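A structural walkthrough
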Amino acid sequence: MFETRDGEMLLQTDPADMPADGHIVFIGRIASPWTSRQTCPKNMRAARETGQAATVLIDPPYRDGLLALERASHIVILSWLHHAPRALIVQRPRHAAEPKGVFSLRSPARPNPVGLHIAGLIAVDIDHGRIAIDAIDVLDGTPVIDIKPYFASTDAFPEATIAGRDEK
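Numbering of residues starts from 1 in every chain and runs along the sequence as written. This being a predicted model, a pLDDT of at least 70 is required before a residue's local features are given, and a value of 80 or more before pairs of side-chain atoms are given or counted; all residues contribute to the totals for chains, interfaces and linings. Side-chain numbers come from the whole structure's heavy atoms, not from hydrogens or water.

Numbering of helices and strands starts at the N terminus; helices are DSSP runs of H or I of at least 4 residues and strands are runs of E of at least 2. Relative to the assigned elements, T55 resides in strand β3 (residues 54-58). A residue is classified by how much of its surface remains accessible, and T55, at 15% relative accessible area, is buried. We call two residues in contact whenever any of their non-hydrogen atoms come within 4.5 Å of each other. If we skip the residues at most four places from it in the chain, T55 touches R29, I30, A31, R130, I131 and I133. Burial classification: accessible surface area is computed with a 1.4 Å probe over protein chains only, and a residue below 20% of its type maximum counts as buried, one above 50% as exposed, and the rest as partly exposed.

Encoded structure:
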């Protein structure tokens, strides 16, 4: 599913083959319109531009955790990008001239493929474990690790920059 490009490096041991040590559980899955890497938006901005909404489906044991979530206008979703390779430690993105370490990129290919998504909250149905969101940039069926309310007062840094990029 992922090809290695010139200048990229792999870890000696694929983290997917190592014993589990975090005991992370999936609390649900994302129902998205995206069924292939080719059609899936590369980021949340691109996902929003499609106008396609999505749904987070929470498993029954975790639904009570949704109580009062509807107070938030936006939520942070942590997902497990289960199709991503985990052994790639240095990558050369298509748009970059030089390879970069995985921790300086937002690529899904990383030792622990945790996705971070800030989504607009549309509706919460605790009884059915459904969270309607404005958009998502992951494949249909992607596991969910956690959900948190987004706080603009503490989560946003308008002055944040990345050297070499035009945007703030």
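We are not done yet, so read on.
Let us look at the sheet that holds strand β6 (residues 100-101). Pairing between two strands is assigned when DSSP locates at least 2 bridges connecting them. A sheet is described by the order of its strands in space; here three strands give the open sequence β1-β5-β6, paired in antiparallel fashion. Where the open sheet ends on each side, the last strands, each with one partner, are β1 (9-10) and β6. Where β1 and strand β5 (residues 88-91) come together, two bridges link them in antiparallel fashion. Paired with M9 across the strands is V90, a residue of β5.

Right, let's talk about the environment of A87 for a bit. By the element assignment, A87 lies in the loop between β4 (74-80) and β5. Exposure remark for A87: the relative accessible area of 13% places this residue in the buried category. When the C-alpha atoms of A87 and L10 are compared, they prove to be 5.2 Å apart, with 77 residues separating the residues in sequence. When near neighbours in sequence (up to four residues on either side) are disregarded, A87 contacts M9, L10, L11, D14 and P15.

Pairing between β4 and strand β7 (residues 114-125): seven bridges, direction antiparallel. When the sheet's bridge partners are listed, W80 is paired in β7 with V114. Two successive antiparallel strands, β7 and strand β8 (residues 130-133), enclose a turn made up of four residues, where G129 displays a positive phi of approximately 65°.

Moving on, we get to unusual backbone geometry. Unlike most non-glycine residues, H23 shows phi in positive territory, near 55°. In this fold, H23 is placed in the loop between β1 and β2 (28-31). A residue is classified by how much of its surface remains accessible, and H23, at 70% relative accessible area, is exposed. A positive phi is found at A68, a non-glycine position, where the angle reads about 75°.

This part is about the layout of surface pockets. Considered as a void within the structure, the second largest pocket measures approximately 360 Å³ in volume. The distinction between a cavity and a pocket rests on a 1 Å grid over the protein atoms alone: a 1.4 Å probe fits inside a cavity but cannot get out, while a pocket stays open yet meets protein on both sides within 12 Å along at least five of seven lines, and a residue with an atom within 4 Å of a point counts as lining. Around the second largest pocket sit 14 residues that line it, and A20, D21, W80, R86 and N112 are the ones nearest its centre. In this classification, Asp, Glu, Lys and Arg are treated as charged, Ala, Val, Leu, Ile, Met, Phe, Trp, Tyr, Cys and Pro as nonpolar, and every other residue, Gly included, as polar. Split by residue class, the lining of the second largest pocket holds nine nonpolar, three polar and two charged. Grid points are joined across faces, edges and corners, and a volume is the space filled by probe spheres set on the points.

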